Amino acid sequence: MTDIQLGMPQLPGPEYPAEVRTRLEADAREVISRYPDSRSALLPLLHLVQSEEGYVTRTGLQFCADMLELTTAEVTAVATFYSMYRRKPSGDYQVGVCTNTLCAVLGGDEIFDALQKHLGVGNSETTEDGKVTLEHIECNAACDFAPVVMVNWEFFDNQTIESAKKLVDDLRAGREVAPTRGAPLCDFKKTARILAGFPDERPGAIEASGSAGDASLAGLRLAKGVTEGGTVPPRTEPPLDAAQAPEDEQAPPTHPSSHDAPQKSAASDPEHPAGPVSRESEEGER
Ligand code: FES
């Protein structure tokens, strides 16, 4: 295990070659200029150094610290907190299988298990050819397309064991794969540079940005009351007259709504008062 994995303050890493350092410094200054306080640029700078070497190295940590006048311990604390920063060399394609609740019950767990066997790697491990790093990931707000697999943070919706195996086979063989929606796929280093805030130059990326899938759009239409026959005004409930509400739904004056009111609690039940039981009442019960 490396010292960055342990989250320990870092010894200085080897220097970037002069040409690399000059180029990264120019990029970093551009990023820093977007923020009123330079330390706010730490997250994009970590993506920037990740775009250089594929993960956050000790050299990258030291570079961020130098540029932002932070300690390496401060930079390390941030880099080890967020899961989007890699802490060891990894593959060109990070294949993340969502194993949060909805994806898991709809097949995400089975897909992850099948990919582990198919690729011969465990969680956060990389295939021998250096192409694919397999990870299980948390919910990416794409639950309406569960089970979801992400490759370098691009969506592959409604996956099955077979489609996921084909996906990783295609990635390893260098065949072109297209995400279900959104921008085209690129390798991890290029993705990291885009996340650092530099222009996304992939053909079609601008047109695809902000696109949503059919299931999300259908939900949006329903929320807006739009049907094939036209727009339906949103359903409104007439306000409930407090005096007409059933007794058990009326809010006591000290509570802002009936939902906040204690229902059957010791405070509202004189048969079972709250508080310590007195010795007399204990003895009376014997
Ligand atoms: S649970 Fe998988 S995207 Fe939400």
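Owing to the predicted nature of the structure, the values given are computational and were not obtained by experimental measurement.

Draft legend 1. The arrangement of unusual backbone geometry in detail. Looking along the chain, the bond that leaves alanine 146 and enters proline 147 is cis, with omega of -5°. Within the secondary structure layout, proline 147 lies in the loop between strand S3 (132-137) and strand S4 (149-151). Of note, the phi angle at alanine 141 is positive, near 55°, even though the residue is not glycine. Residue position: alanine 141 is located in the loop between S3 and S4. On the accessibility criterion, alanine 141 (69% relative accessible area) is exposed. One non-glycine residue with positive phi stands out, namely tryptophan 153, at about 70°. For tryptophan 153, the position within the fold is in the loop between S4 and strand S5 (154-156).

Draft legend 2. Summary view of the sheet that holds S3. With mixed pairing, the five strands of this open sheet are ordered in space as S2-S3-S1-S4-S5. Both edges of this open sheet fall to strand S2 (125-126) and S5, since each of them pairs with a single strand only. Helix H5 (residues 101-119) rests against strand S1 (93-98), S3 and S4 of the sheet, and its axis sits at about 140° to S1.

Draft legend 3. Structural context of the side chain of threonine 191. By the element assignment, threonine 191 lies in helix H7 (residues 188-195). Here threonine 191 is in contact with Asn152, Trp153 and Cys186, once residues within four sequence places are set aside.

Draft legend 4. Region of the structure containing helix H6 (residues 161-173). A rise of 1.5 Å per residue sets the reference length of H6, with its 13 residues, at 18 Å; its end C-alpha atoms lie 18 Å apart and thus fit the reference within 8%. Those residues of H6 that sit buried are Ala164, Leu167, Val168, Asp170 and Leu171. Projected down its long axis, H6 shows its buried positions confined to an angular sector of 160°, all on one face. Exposed side chains of H6 directed beyond 90 degrees from the buried face belong to Glu162 and Lys166.

Draft legend 5. Representation of the pattern of salt bridges within the structure. Going through the model one piece at a time under the given rule, you end up with 14 salt bridges. Among the ionic pairs, glutamate 52 bridges to arginine 23, the shortest N-O distance being 3.0 Å. Of this pair, glutamate 52 sits in helix H2 (residues 42-53) while arginine 23 is found in helix H1 (residues 18-32), placing the two residues 29 residues apart along the sequence. One salt bridge in this structure joins lysine 190 and aspartate 187, with 4.0 Å as the shortest N-O distance. Taking relative accessible area as the criterion, lysine 190 reaches 53% and is therefore assigned exposed. Through salt bridges with shared partners, one network takes in Arg21, Glu25, Arg29 and Asp66.

Draft legend 6. Region of the structure containing the packing of H1 against H2. As a packed pair, H1 and H2 sit with axes 10 Å apart at the nearest point and diverge in direction by 155°. Here H1 is positioned roughly antiparallel relative to H2, judged by the angle of their axes. Handedness of the H1/H2 crossing: right-handed. Residues Val20, Arg23, Leu24, Asp27, Ala28, Val31 and Ile32 of H1 pack against Pro44, Leu45, Leu48 and Glu52 of H2.

Cut-offs and rules
Residues numbered from 1 in each chain as written. Predicted model: local features only at pLDDT ≥ 70, side-chain atom pairs only at ≥ 80, totals over all residues. Heavy atoms only, no water. Helix = DSSP H or I, 4+ residues; strand = E, 2+ residues; numbered from the N terminus. Buried < 20%, exposed > 50% of the residue type's maximum accessible area, 1.4 Å probe, protein only. Pairing = 2+ DSSP bridges. Contact = heavy atoms within 4.5 Å. Axes fitted to C-alpha atoms, helices over the stretch in contact; angles between N-to-C directions. Expected span 1.5 Å × (residues − 1). Arc of directions from axis to C-beta. Salt bridge = Lys/Arg side-chain N within 4 Å of Asp/Glu carboxyl O. Parallel < 35°, antiparallel > 145°, perpendicular 65-115°, else oblique. Left-handed = near helix turned anticlockwise from the far one by under 90°.

In short, shape yes, function no, at least from these values alone.
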